[in-house]
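What follows is the residue order along each chain.
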Amino acid sequence: MTTWRPGPAPGVLLRADRVRGVDLLLLPERVVVLEGSAGEVLRLCDGTRDVPQIVRELTARHPDAPIADEVPAFLDRVRKEGWLR
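Now for a quick tour of the structure. (Residues numbered from 1 in each chain as written. Predicted model: local features only at pLDDT ≥ 70, side-chain atom pairs only at ≥ 80, totals over all residues. Heavy atoms only, no water.)

## Some thoughts on the packing of aromatic side chains
Stage number 1. Within this structure, the stated rule accounts for zero aromatic pairs.
Stage number 2. The lysine or arginine in question, Arg79, covers the ring of Trp4, its NZ or CZ lying 4.1 Å from the ring centre. (Phe/Tyr/Trp six-rings, centres within 6.5 Å; stacked < 30°, edge-to-face > 60°. Lys NZ or Arg CZ within 6 Å of the ring centre and 35° of its normal.)

Put into structure tokens, the structure is as follows:
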């Protein structure tokens, strides 16, 4: 997975719902309400960074969080859902 540069799958958009204060993943005929820091992680998935770069950037922002353990697994789950390419 280290050479994978995740980006949104075709037809998938990340949007902030300012009224509800949540991030949304807009999919064809479906909306996923993101919890916690999922939106922050997915914003870094623009197809230019690989997974280790995303982990490093998030670790710099949140040094006490278990980024290296959780983020790669989260991205893998999102990829399996078909939301990332």
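## What about the nonpolar core?
Stage number 1. If you look at the biggest cluster of nonpolar residues, it comprises 23 residues, and the most contacted ones within it are Leu25, Leu42, Val71 and Leu75.
Stage number 2. The set of elements that each furnish at least two residues to this core consists of strand S2 (22-27), strand S3 (30-34), helix H1 (38-43), helix H2 (51-61) and helix H3 (67-81).
Stage number 3. Here this core takes five residues from H3, the largest share from any one element.
Stage number 4. Beyond its immediate stretch of four places on either side in the chain, Leu25 contacts Val12, Leu13, Leu14, Arg30, Val31, Val32, Leu34, Leu42 and Trp83. (Core = buried A, V, L, I, M, F, W, Y, C linked by side-chain atoms within 4.5 Å. Buried < 20%, exposed > 50% of the residue type's maximum accessible area, 1.4 Å probe, protein only. Helix = DSSP H or I, 4+ residues; strand = E, 2+ residues; numbered from the N terminus. Contact = heavy atoms within 4.5 Å.)

## Digging into the packing of H2 against H3
Stage number 1. In contact at an axis separation of 10 Å, H2 and H3 are set at 135° when each is read in the N-to-C sense. Judged on the interaxial angle alone, H3 and H2 are oblique. Crossing handedness for the pair H2 and H3: right-handed. Residues Val51, Ile54, Val55, Leu58 and Thr59 of H2 form the contact with H3, whose own contacting residues are Ile67, Ala68, Val71, Pro72 and Leu75.
Stage number 2. Residues of the contact of H2 with H3, tallied by class, amount to nine nonpolar, one polar and no charged. (Axes fitted to C-alpha atoms, helices over the stretch in contact; angles between N-to-C directions. Parallel < 35°, antiparallel > 145°, perpendicular 65-115°, else oblique. Left-handed = near helix turned anticlockwise from the far one by under 90°. Nonpolar A, V, L, I, M, F, W, Y, C, P; charged D, E, K, R; others polar.)

## Quick word on the sheet that holds S2
Stage number 1. Across the sheet, three strands lie side by side as S1-S2-S3; this open sheet has antiparallel pairing. Two strands in the sheet have a free side with no partner beyond their single neighbour: strand S1 (13-17) and S3. With direction set aside, neighbouring strand axes in the sheet form an average angle of 30°.
Stage number 2. Pairing of S1 with S2, which is carried by five bridges, proceeds in the antiparallel orientation. Of the residues in S2, the one forming a bridge with Arg15 is Leu24. (Pairing = 2+ DSSP bridges.)

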